[in-house]
Every structure is written in structure tokens, then in C-alpha cells.
Amino acid sequence: MVNVTRRIYLDNNATTPVLPDVLEAMRPYFDEHFGNASSIHHHGQETRAAIENARDSVALLLGCRAAEIVFTSGGTESDNLAIAGLASPGDHIITSTIEHHAVLHACKHLEDSGCEVTHVPVDGRCLVDPDDVRRALRPNTKLISIMMANNETGVLQPVEEIGRIAAEAEVFFHTDAVQAAGKVAIDVKQIGCDALSISGHKMHAPQGVGALHVRNGTRLQPLFYGGRHERSRRAGTENVPGIVALGKAAELAMQGFERDEHKKMSALRDRLQQGILAQVEEAGVNGDGAPRVPNTSNIFFDHVEGESMVIALDLKGLAVSTGAACSSGAIEPSHVLTAMALRSARARASIRFSLGKQNTAEDIEIALALVPETIARLRELSPDYEKKVAISN
Ligand code: PLP
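In this report, we go over the structure that sits alongside the text.

How each quantity is defined
Throughout, residues of each chain are indexed from 1 in the direction in which the sequence is written. Under the rules for a predicted model, residues below a pLDDT of 70 receive no local features and side-chain atom pairs below 80 are neither given nor counted, while totals for whole chains, interfaces and linings still include all residues. Neither water nor hydrogens contribute to the side-chain values; these are computed over all heavy atoms in the structure. Secondary structure elements follow DSSP: runs of H or I of four or more residues count as helices, runs of E of two or more count as strands, with numbering from the N terminus. Each radius of gyration is computed over the set of C-alpha atoms, and the globule rule expresses the reference value as 2.2 Å times the number of residues to the power 0.38. Burial here depends on accessible area, computed with a 1.4 Å probe over protein chains only, as a share of the maximum for the residue type. Under 20% is buried, over 50% is exposed, and the range in between is partly exposed. Any pair of residues with heavy atoms lying within 4.5 Å of one another is described as a contacting pair. All accessible-area figures derive from a Shrake-Rupley calculation using a 1.4 Å probe, and residue coverage is judged against the displayed protein chains alone. Lys and Arg are tallied as positive, Asp and Glu as negative. Neither His nor the chain termini are counted. For this purpose, a charge sits on NZ of Lys, CZ of Arg, CG of Asp or CD of Glu. Put simply, a residue is near a molecule or strand once any heavy atom of it comes within 4 Å of that molecule or strand. Any pair of N or O atoms that falls within 3.5 Å is considered a polar contact. Within protein, one atom must be able to donate a hydrogen and the other to accept it, and sequence-neighbouring residues count only if both atoms are side-chain atoms. We call two strands paired when DSSP finds no fewer than two bridges between them. When the strands point away from the viewer and the connection leading from the first strand across the helix to the second strand turns clockwise, the crossover is called right-handed. Only protein atoms enter the 1 Å grid, on which a cavity is a set of points fitting a 1.4 Å probe that cannot get out and a pocket is an open set with protein on both sides within 12 Å along at least 5 of 7 lines, lining residues being those with an atom within 4 Å of a point. Grid points are joined across faces, edges and corners, and a volume is the space filled by probe spheres set on the points. Under this grouping Gly is polar, as are all residues other than the nonpolar Ala, Val, Leu, Ile, Met, Phe, Trp, Tyr, Cys and Pro and the charged Asp, Glu, Lys and Arg. Here, nonpolar core means buried Ala, Val, Leu, Ile, Met, Phe, Trp, Tyr and Cys residues that are tied together by side-chain atoms lying within 4.5 Å of each other. A fitted line through C-alpha atoms serves as each axis, taken over the contacting stretch for helices, and the angle formed by two N-to-C directions is quoted from 0 to 180°.

Description of the overall build of the protein
The secondary structure content of the protein amounts to 15 helices and 14 strands. Computed over the C-alpha atoms, the radius of gyration of the protein is 22 Å, within 12% of the 21 Å expected from 2.2 N^0.38 for a compact globule of 393 residues. Seen through its C-alpha atoms, the protein measures out along the principal axes to roughly 75 × 55 × 40 Å. Taking all 393 residues of the protein together, 54% fall into the buried category. Sequence-distant contacts in the protein: of pairs separated by 6 or more residues, those separated by 24 or more amount to 72%. Per element, the accessible surface of the protein, about 17100 Å² overall, is 53% carbon and sulfur. Across the protein, the mean location of the 39 positive side-chain charges is 1 Å away from that of the 50 negative side-chain charges.

Thoughts on the site of the ligand
As a matter of local geometry, the ligand sits amid 13 residues, with G75, T76, D176, S199 and K202 nearest to it. With respect to the ligand, the side chain of T76 contributes an N or O atom lying 2.6 Å from an oxygen atom. S199 places a polar side-chain atom, nitrogen or oxygen, 2.6 Å from an oxygen atom of the ligand. Sort the elements by how many residues they give to the shell around the ligand and helix 3 (residues 75-86) lands first, with three residues.

Points about the side chain of D194
Note that D194 resides in the loop between helix 7 (188-191) and strand 7 (195-199). At 2.7 Å, the side chain of D194 and the backbone nitrogen of F173 are in polar contact. Other than its neighbours up to four places away in sequence, D194 contacts V171, F172, F173, H213, V214, R215 and T218.

Quick word on the pairing of strand 3 (residues 92-96)
Strand 3 sits mainly inside the fold: five of its five residues count as buried. What you see with strand 3 is no split at all: H92, I94 and S96 on one side and I93 and T95 on the other are buried throughout. With five bridges joining them, strand 3 and strand 4 (residues 116-120) adopt parallel strand pairing. Counterpart to T95 in the pairing with strand 4 is H119. Handedness of the crossover joining strand 3 and strand 4 through helix 4 (residues 101-112): right-handed. Sheet topology places strand 3 next to strand 5 (residues 141-145); four bridges connect them, and they run parallel. Counted as the bridge partner of I93 is L143 from strand 5.

Here's the deal with the layout of surface pockets
By volume, the largest pocket amounts to about 330 Å³. Lining the largest pocket we find 24 residues, and of these H204, E261, M265, G356 and K357 sit closest to its centre. At the level of elements, helix 9 (240-258) and helix 10 (261-279) are the ones that each hand at least two residues to the lining of the largest pocket. Examining the composition of the lining of the largest pocket, we find that five residues originate from one element, helix 10, more than from any other. Looking at side-chain class alone, the lining of the largest pocket contains nine nonpolar, 10 polar and five charged residues.

Overview of the nonpolar core
By size, the foremost hydrophobic cluster in this structure holds 68 residues, and its most contacted members are L62 and I198. Element by element, the count of residues in this core is highest for helix 9, at 10 residues. Discounting residues that sit within four places of it in the chain, L62 has contacts with I69, I186, D187, V188, L196, I198 and H213. The next biggest cluster of nonpolar side chains, apart from the first, holds 26 residues, and it includes I8, V280, F301 and M309.

A word on the sheet that holds strand 14 (residues 350-354)
Strand order in this open sheet of three strands is 9-10-14, and the pairing throughout is antiparallel. Each edge of the open sheet carries a strand with a single partner, namely strand 9 (283-285) and strand 14. Geometrically, the sheet is characterised by an average inter-axis angle of 25 degrees between neighbouring strands, direction not taken into account. Pairing of strand 10 (residues 296-301) with strand 14 involves five bridges; the strand directions are antiparallel.

Set out below in C-alpha cells:
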């Protein structure tokens, strides 16, 4: 094991640390306030009140009514509940090629069960064209599911325009806002969506809790059958500590917007991005030219393998990630970068830097010292790079 003096975590789109105030808020709900929120005695009423408090905070974050919030186990469940809950066999669904697998695989499952699914493409900046969504509409279209922010590039989709298209066509609109919540302001009315997913662990609450906004009056088929929890939209005894934590994280996110913390974060991200690009040649930003969440920068470094970069940087104490998924021993390039028409080698040469509320200017300076030297060393070892240098000489 290499002795690393300081570890810097820039993989906050994978998960974020629970903030101290969030941990503090949830802690009493493990022991002191342990009641089942369905119980009518004191213990149950105490946790019921805490859940409803958290519901108010999450509703405030999303600009909706508390009754429109359904607590779930996370982003994956929220996406599945929205998609399977709103579409049935025979319906047509429109989604995009860059969705998270929680959406893509939920749609695939419905396709196998008799739905039709259209995947609209993105351009080189990772943007869906709303006109493509409009053109994909069919008489049996029931649902459009297009994400708000992409997890790999951070690119923000034109959800308001898509919401208008959905409203005109009288079809449901779901948006996966897992990577947007807490990073950009969300107003479900402005977006015009019928359902919107968020996940606790992407916004400094713990893993295993999330929420789905479901517009008032929308009939949703539940995924689980059981008690009448969450107004019969999600059966199962509530994860009270998780829900309390999500409520607190939503409150902190709102306070962060009031203090312009997102602007400070984008300044740090830009410093990192510009600092890297100034020092490393044959590198660039995936999704450049498109609006992005303030914390994400996905950068390609030609002639290096993303996996090697992640491992080499980790050995020096810097945690980042690649969109490439290892399946059956082969490194598959990311479906998002491939959908943006990046050639395979460039998609595999890309890594994602994603900041969280805990990151400091010092973290960025350390990352800026580590990344260029690591790329330079890996390129020295790259036969591909050697060839290129030899040709240019
Ligand atoms: N949607 C997006 C865009 C995500 O980035 C993720 C997680 O990476 C999910 C859904 C799934 O969320 P969870 O991990 O809470 O199930």
C-alpha cells in the first residue's frame, strides 16, 4: 500500500459524504426516536412528524407541495417507480440515449413487456434536441423520460422545452434530476414535469434514500404492494433516519443557493478544468459549449486509458472516475460518451472530476499538481503516444 498523506475526493457524482449537520439531524432517529411512523402512540407520532417535516423541506427544494413527494430507497427506485408507474404494455415511451441505466433498463424491461421505446440521440455536446422529442411523438406515446443533468458530463438538458412539448401532447413527463438536485435550482412547475427523481447520496444525505415528486392528481401504479405508506404509492415502513437526513440535506441545499455556494463551486471546477487544460496538451472537455451543473468536468486525455489514469491518481490519493464500465473482462466505452459520437479511444481516455460541498480550494490545487504529471508519465508509457511523437518529429 502506498503511503498517501492526504486523500482528495473528486468523485461526488458517484456519491457524496454525509455532511456533519445531516448526520447530526438523523442520529436520534436510530435510537432515541425509533418509533414506527404508522404507530398511533407517542413514539410513532414523533417519527411521523419528523417524516412530514422532511417532506416539507424536500418539497421546498423542488417547488412542489409536500403531498407530491414520495420517499423511496434512492434514485434507481424513483426512476423505476416513475417509468413503470406511468406506462403500461401497448404504450410508447420516449427517452434518450444518455440516461442512467436506472432509466434505460427500466425502459428495456417495459419494452420486453409490450411497450414501445424510442431513444432520442444527443449531439456532440451531450444535448437532446427538443425537436427530436417532438418528432418522436406517436398517438400511443404515454411518457417522456429525459434526465435533467447527465451524471457523466454534467450537461443540463432543455427540460423546460421538453416539458412544454409533453404538455401540448398531453403525455407524462418524467425527469431524472438525481445529478441536478442541490446543484442547480429546481422548480417542477417551471419544468412542467409530472414526475421528478432525486437521490439522497448525491446531495450529502446517506445512500439508500431518495424521493420521487409526483404531480398532484397523477395516477401512479406502485412497484410494491403492502401497507398504505406514502399514500399507497410506496408500501413499506419508512426509512426514518434516511428521510430525516434527506430533509436536512434539502434544507442545506436551499441555504447553499441563498449563499451562492453553487457559484463558488463552479469557480473551483473552472479553476480545475482550466488549470488542467493549460498544462496538458491533447485534452478537452466533453460537453463543452453546453450548460452544465457547477460541479462536473469530464475531460479527455488522448493517448491514455481512463482506467490507468484512475488507478494512477488513486495511488497518489486523488479519487476520480471513468464512465467506462468493465463488463465480462472488457472495458466498454461509456454509453454516454459514445452517444456523443466520441471515437472509442477518446471515450476510453476520458475521466470525470466531480466536486462536492466538502471540497476546498486547496483540494483543487493539489489535484492540479497531480493530474498533469500523472498524464505525462502515463503518456511516456503509451506506445500510441510514442508513435505520435515520432511522426511529429
Ligand atoms: N440517475 C442518475 C442520473 C444517477 O447518476 C444515479 C446514480 O448514479 C441514479 C439515477 C441512481 O441513483 P441511486 O444510486 O440512488 O439508486
